[in-house]
Amino acid sequence: MKNRSIGIWLNRLRWTSLTLVFFLLVLLPYITLYQSYEASHAYDFLAPSEQKISDAMEALTSPFVSDPIRDLNTLKGSTWSGVLFGIKLSDPLAWVSQLAASGVFYWAFFITAVFPILVTMLFGRVFCGWICPANFIYELNDHLAGWLKKVGFPIGEKRFDLRLKYLVLIIGLLLSSVTGVALLSVVYPPAILGREFYYIIALNGMGVGIVFFLVTLGLDLLLSRRFFCRYLCPGGALYSLLGRYRLVRIQRQVEVCNDCTLCNQVCQFGLDPMNDGLGQECNNCSACMAVCPTDALGVSLEFQDNLPQGAKKKKNTRKKHQTLRKNTRSEIRNHRKHLDDKYL
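What you are looking at is a predicted structure, and each value in this text was computed from that prediction instead of being measured.

Draft legend 1. Layout of the overall build of the protein chain. Along the backbone of the protein chain there are 15 helices and five strands. For the protein chain, with 344 residues in total, the buried portion stands at 42%. Of the contacts made within the protein chain by residues no fewer than 6 positions apart, 74% connect residues no fewer than 24 positions apart. Per element, the accessible surface of the protein chain, about 19,300 Å² overall, is 66% carbon and sulfur.

Draft legend 2. Fine view of the packing of aromatic side chains. Tallying each qualifying case throughout the model produces 15 aromatic pairs. Look at Trp 15 and Phe 136: their rings are 5.8 Å apart centre to centre, the planes differ by 65°, and that puts the pair in the edge-to-face class. Here Trp 15 is found in helix α1 (residues 3–40), whereas its partner Phe 136 is found in helix α7 (residues 133–150), with 121 residues between them in sequence. A residue is classified by how much of its surface remains accessible, and Trp 15, at 23% relative accessible area, is partly exposed. Overall, Phe 136 belongs to the buried group, its relative accessible area being 14%.

Draft legend 3. Structural context of the nonpolar core. Membership of the largest hydrophobic core comes to 46 residues, with the highest contact counts inside it found for Leu 93, Tyr 138, Tyr 188, Phe 213 and Leu 297. For Tyr 138, the contacting residues outside a window of four places in its chain are Pro 189, Phe 213, Thr 216, Leu 217, Asp 220, Arg 226, Phe 228 and Cys 229. In this structure, Leu 27, Tyr 34, Met 57 and Leu 75 belong to the second largest nonpolar core, which totals eight residues.

Draft legend 4. Region of the structure containing helix α10 (residues 209–222). Taking 1.5 Å as the rise per residue, α10 with 14 residues should run 20 Å; its terminal C-alpha atoms sit 20 Å apart, in good agreement. On its buried face, α10 sits against α7, α9 (189–202) and α11 (227–231).

Draft legend 5. Region of interest: the packing of helix α4 (residues 92–102) against helix α12 (residues 234–242). For the pair α4 and α12, interaxial distance at closest approach is 9 Å and the crossing angle is 100°. The angle between the axes of α4 and α12 places the two elements in the roughly perpendicular class. Contact residues: α4 offers Pro 92, Leu 93 and Val 96, while α12 offers Pro 234, Gly 235, Leu 238, Tyr 239 and Leu 242. In terms of residue class, the contact of α4 with α12 is made up of seven nonpolar, one polar and no charged.

Draft legend 6. Local environment of helix α5 (residues 107–123). Look at α5: 24 Å from first C-alpha to last across 17 residues, which is about the 24 Å you get at 1.5 Å a residue. The largest bend along α5 reaches roughly 35° and is located at Ala 113, with the proline Pro 116 sitting one to four residues downstream. Among all positions of α5, only Thr 112, Ala 113, Pro 116, Ile 117 and Thr 120 are buried. Buried residues along α5 sit in contact with β3 (87–90), α4 and α12.

Draft legend 7. The arrangement of the pattern of salt bridges in detail. Overall, the coordinates contain ten salt bridges when judged by the stated rule. Note that Lys 149 is salt-bridged to Glu 157, the shortest N-O span being 2.4 Å. For Lys 149, a relative accessible area of 48% translates into the label partly exposed. Taking the shortest distance from any N to any O, the salt bridge between Asp 276 and Arg 252 comes out at 2.9 Å. With Asp 276 in the loop between α13 (262–266) and α14 (287–291) and Arg 252 in strand β4 (residues 248–252), this residue pair connects regions lying 24 residues apart in the sequence. Residue classification places Arg 252 among the buried positions, given a relative accessible area of 5%. Through salt bridges that share partners, Asp 67, Arg 70 and Asp 71 make up one connected network.

Draft legend 8. Seen up close, empty space enclosed by the protein. All told, the structure shown has four cavities of 30 Å³ or more when counted by the stated rule. Empty space within the largest cavity amounts to approximately 100 Å³. Cys 128, Cys 132, Pro 190, Cys 229 and Cys 233 are the residues nearest the centre of the largest cavity, which is lined by 17 residues in total. Listed by contribution, the elements that provide at least two residues to the lining of the largest cavity are α6 (126–131), α7, α9 and α12. Residues belonging to the lining of the largest cavity are distributed by class as follows: twelve nonpolar, three polar and two charged. The computed volume of the second largest cavity comes to approximately 70 Å³. Surrounding the second largest cavity, Arg 252, Cys 257, Asn 258, Cys 260, Leu 262, Cys 263, Met 274, Cys 292, Pro 293, Thr 294, Ala 296 and Leu 297 form its lining. Partitioning the lining of the second largest cavity into residue classes produces nine nonpolar, two polar and one charged.

Draft legend 9. Region of the structure containing the state of the cysteines. Summed over all chains, the structure comprises zero disulfides. With no disulfide of its own, Cys 229 has Cys 233 as its nearest cysteine by sulfur position, at a separation of 5.9 Å.

Thresholds, definitions, all that
- Residues numbered from 1 in each chain as written.
- Predicted model: local features only at pLDDT ≥ 70, side-chain atom pairs only at ≥ 80, totals over all residues.
- Heavy atoms only, no water.
- Helix = DSSP H or I, 4+ residues; strand = E, 2+ residues; numbered from the N terminus.
- Buried < 20%, exposed > 50% of the residue type's maximum accessible area, 1.4 Å probe, protein only.
- Contact = heavy atoms within 4.5 Å.
- Areas by Shrake-Rupley, 256 points an atom, 1.4 Å probe, with all protein chains shown as cover.
- Phe/Tyr/Trp six-rings, centres within 6.5 Å; stacked < 30°, edge-to-face > 60°.
- Core = buried A, V, L, I, M, F, W, Y, C linked by side-chain atoms within 4.5 Å.
- Expected span 1.5 Å × (residues − 1).
- Axes fitted to C-alpha atoms, helices over the stretch in contact; angles between N-to-C directions.
- Parallel < 35°, antiparallel > 145°, perpendicular 65-115°, else oblique.
- Nonpolar A, V, L, I, M, F, W, Y, C, P; charged D, E, K, R; others polar.
- Bend = angle between axes of the 7 residues up to and from the residue.
- Salt bridge = Lys/Arg side-chain N within 4 Å of Asp/Glu carboxyl O.
- 1 Å grid on protein atoms, 1.4 Å probe; cavity = no way out; pocket = protein on both sides within 12 Å on 5 of 7 lines; lining within 4 Å.
- Points joined across faces, edges and corners; volume = space filled by probe spheres on them.
- Disulfide = S-S within 2.5 Å.

Geometric values such as these leave the question of function open.
Take a look at the structure:
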């Protein structure tokens, strides 16, 4: 199978994963409500809207569970920390934040973050591209930005220092250690969405986090493409550090690259695949593979990116151009000689 076909297949699989995670995050508050309704044994006393929720959840879950109060406990929490089909998992940032805030190493909490840490060390920043529920909305927002740009709306294209997010991570951890509160969850979009969905669905309200999240969407449009993810996200900073020496990465085959720049244009993180500029910021989303017309980009097993291969490419291109000019001059001389012989 060609690299481009693999990239298209991976990108579809990634969007399926993002959609399922987002749907699950919305579903979790409804599961909590349904369990509370069942535990109260008071269906007739529920409001009409609550009865509709109970009926819908019963229809949705009854094929899979016999006792919703007990069996549905296998799905709890959010992407910050929760239970997925009975397996306890936590975002590495949740564990690091707890460690900074409490100053105590809880082995039980650490174990829940081990699997995500190992996955990140193997595949890099894949949580950002494949799982993060906020990324689902951010990517749709990026498509909106492309449409707005086509109709003449000015879209921000500024660039900033990628190290800003590491500063946010460090400051957040220092403040957490001083206050004893895991403050990074306040500015971490996946954690914000998990809370806000619960507030809206289960409590019929919303917190200030939804305002913060909407501001990040606005910054993506007005300031820079994927501004928050690239420059400010503390989770992105941690995942980038953990995945710096990942084994699975996308690399370019310079011999077949035609320098079309399609890969650079499609990369929402502003990376430079055409010049081997992927690094630890790459989330292996495979979008660059999916658009490459020459199959120059593919998945490889390396602990480091290739060094920039542009010089080699330019050298080869220069030789081709010199050969082409030489052949062209020779053809012109032969053509002139043919004309002289014919008409003189």
